[in-house]
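Here is how the chains run, residue by residue.
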Amino acid sequence: MTTRTLTTIGFDADDTLWQNEQYYRLTEAHFTELLSDFAEGPKISERLLEAEKRNLRHYGFGIKGFTLSMIETAIEVTEGKIPAAVIARILDTGRDLLSHPVDTLPHVQETLAALSESYLLVMITKGDLFDQERKLAQSGLGDFFHAVEIVSDKTAVTYRRIFSRIGGGPERAMMVGNSLKSDIVPAIAAGSYGVFVPHELTWVLEHVEEPTGAPRFRKIEHFGELRSVIESLG
């Protein structure tokens, strides 16, 4: 009897299964407009990114941390002179992010439907627990997944733990996502395949060099090409 090369496929969520970063970009644009009397847009965005970097270890990934970073940036840029009414509007923009529509990306629905018949599918994502659960529920994709893992960070240890518990271990697993830093490089380090699906708006903090020399690295142009990659593995 032949042992299957692949038993388990992990999927990132934001900007892999559905649109996400575009809503952050729109929110950031609105935020810079709110502070336009105090500094220019590029300077505000630069300070916001610095705040996000500092705060990741405190607040983690997701909308709540982003909102707190906006408030912190507003206080810094205005030297503490930010009106309470503007802070209230910043909080409103954060709440709006938590209710934005879920827009699944092309080819996702049909690809997951087909793969779920033969493989264990696992959604592995960072972000706010309630927000990710909301988006999964509204996406209509939940029934395709054998398990959902909402994690604080994605490392090789994370993938070894998940793929050892679900399926045949990391060597017989694949991770699919738009972030080289979070989805691909650590999954390959864990011994899994990593399939990179680029998204034009991937967050700058998720950018690293492509591991083109890694035997288990694959890159596709869109989600619809995933099945062909899997079939090529036998």
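Look a little higher up for the structure.
Conventions adopted
- Residues numbered from 1 in each chain as written.
- Predicted model: local features only at pLDDT ≥ 70, side-chain atom pairs only at ≥ 80, totals over all residues.
- Heavy atoms only, no water.
- Phe/Tyr/Trp six-rings, centres within 6.5 Å; stacked < 30°, edge-to-face > 60°.
- Helix = DSSP H or I, 4+ residues; strand = E, 2+ residues; numbered from the N terminus.
- Buried < 20%, exposed > 50% of the residue type's maximum accessible area, 1.4 Å probe, protein only.
- Lys NZ or Arg CZ within 6 Å of the ring centre and 35° of its normal.
- Arc of directions from axis to C-beta.
- Salt bridge = Lys/Arg side-chain N within 4 Å of Asp/Glu carboxyl O.
- Contact = heavy atoms within 4.5 Å.
- Pairing = 2+ DSSP bridges.
- Axes fitted to C-alpha atoms, helices over the stretch in contact; angles between N-to-C directions.
- Right-handed = clockwise from strand over helix to strand, strands pointing away.

**Q** Can you tell me about the packing of aromatic side chains, naming the residues and giving the values?
**A** Tallied over the full model, the rule gives four aromatic pairs. Considering the side-chain rings of Tyr 159 and Phe 163, the 6.0 Å spacing of their centres and the 15° angle between planes classify their relative orientation as stacked. Placement of the pair is Tyr 159 and Phe 163 together in helix 7 (residues 156–165), with a separation of four residues, close to one helical turn. Residue Phe 163 is classed as buried on the basis of its relative accessible area, which comes to 0%. Through pairs of rings, three or more aromatic residues link up here, namely Phe 11, Phe 145 and Phe 223. Looking at Lys 126, its charged tip hangs above the ring of Phe 61, at a distance of 3.6 Å from the centre.

**Q** Report on helix 5 (residues 108–115), specifying residues and quantitative values.
**A** Among the residues making up helix 5, those that are buried are Val 108, Thr 111, Leu 112 and Leu 115. Each buried residue of helix 5 sits inside an arc of 95° when the element is viewed along its axis, so together they form one side.

**Q** Now, about the pattern of salt bridges: what can you tell me, with residues and values included?
**A** Under the criterion given, the structure shown has twelve salt bridges. Put simply, Glu 21 and Arg 25 hold a salt bridge, and the shortest N to O gap is 3.0 Å. With Glu 21 and Arg 25 both in helix 1 (residues 21–34) and four residues apart, this pair spans about one turn of that helix. A salt bridge links Arg 47 to Glu 76, with the shortest nitrogen-to-oxygen separation between them at 3.6 Å. With Arg 47 in helix 2 (residues 41–59) and Glu 76 in helix 3 (residues 63–77), this residue pair connects regions lying 29 residues apart in the sequence. One network of salt bridges, with partners in common, ties together Asp 14, Asp 131, Arg 134 and Lys 135.

**Q** Residue-level account of the environment of Ala 187, with values.
**A** With respect to the helices, strands and loops of the structure, Ala 187 is situated in helix 8 (residues 180–189). Between the C-alpha atom of Ala 187 and that of Phe 163, which follows or precedes it by 24 residues, the distance is 9.9 Å. Those residues in contact with Ala 187, other than ones at most four positions away along the chain, are Tyr 159, Met 175, Ser 192 and Tyr 193.

**Q** Summarise the sheet that holds strand 3 (residues 147–150); cite the residues concerned and give the values.
**A** Strand order in the open sheet made by the six strands is 3-2-1-4-5-6, with parallel pairing throughout. Unpaired on one side and paired on the other, strand 3 and strand 6 (217–219) mark the two borders of the sheet. Shown here is a sheet whose adjacent strand axes are inclined to one another by a mean of 20°, direction ignored. Pairing geometry for strand 1 (residues 8–11) and strand 2 (residues 120–125), over four bridges, is parallel. Across the sheet, the residue bridging to Phe 11 is Met 123, located in strand 2. Here helix 7 sits on the sheet and contacts strand 1, strand 2, strand 3 and strand 4 (173–177); the angle it forms with strand 2, its principal contact strand, is near 155°.

**Q** Describe unusual backbone geometry, listing the residues and the values that go with them.
**A** If you check the backbone angles, Glu 79 has positive phi at about 55° while not being a glycine. Tracing the sequence through the fold places Glu 79 in the loop between helix 3 and helix 4 (84–97). Since its relative accessible area comes to 65%, Glu 79 is described here as exposed. A positive phi angle, near 75°, is found at His 107, a position not held by glycine. Mapped onto the fold, His 107 is located in the loop between helix 4 and helix 5. Residue classification places His 107 among the partly exposed positions, given a relative accessible area of 34%.

**Q** Describe in detail the pairing of strand 2, supporting the description with residues and values.
**A** Across the six residues of strand 2, five count as buried, placing the element largely inside the fold. As paired strands, strand 2 and strand 3 are joined by four bridges and run parallel to one another. Among the inter-strand pairings, Met 123 is bridged to a residue of strand 3, identified as Val 148. Crossover strand 2 to strand 3 through helix 6 (residues 129–139) is right-handed.

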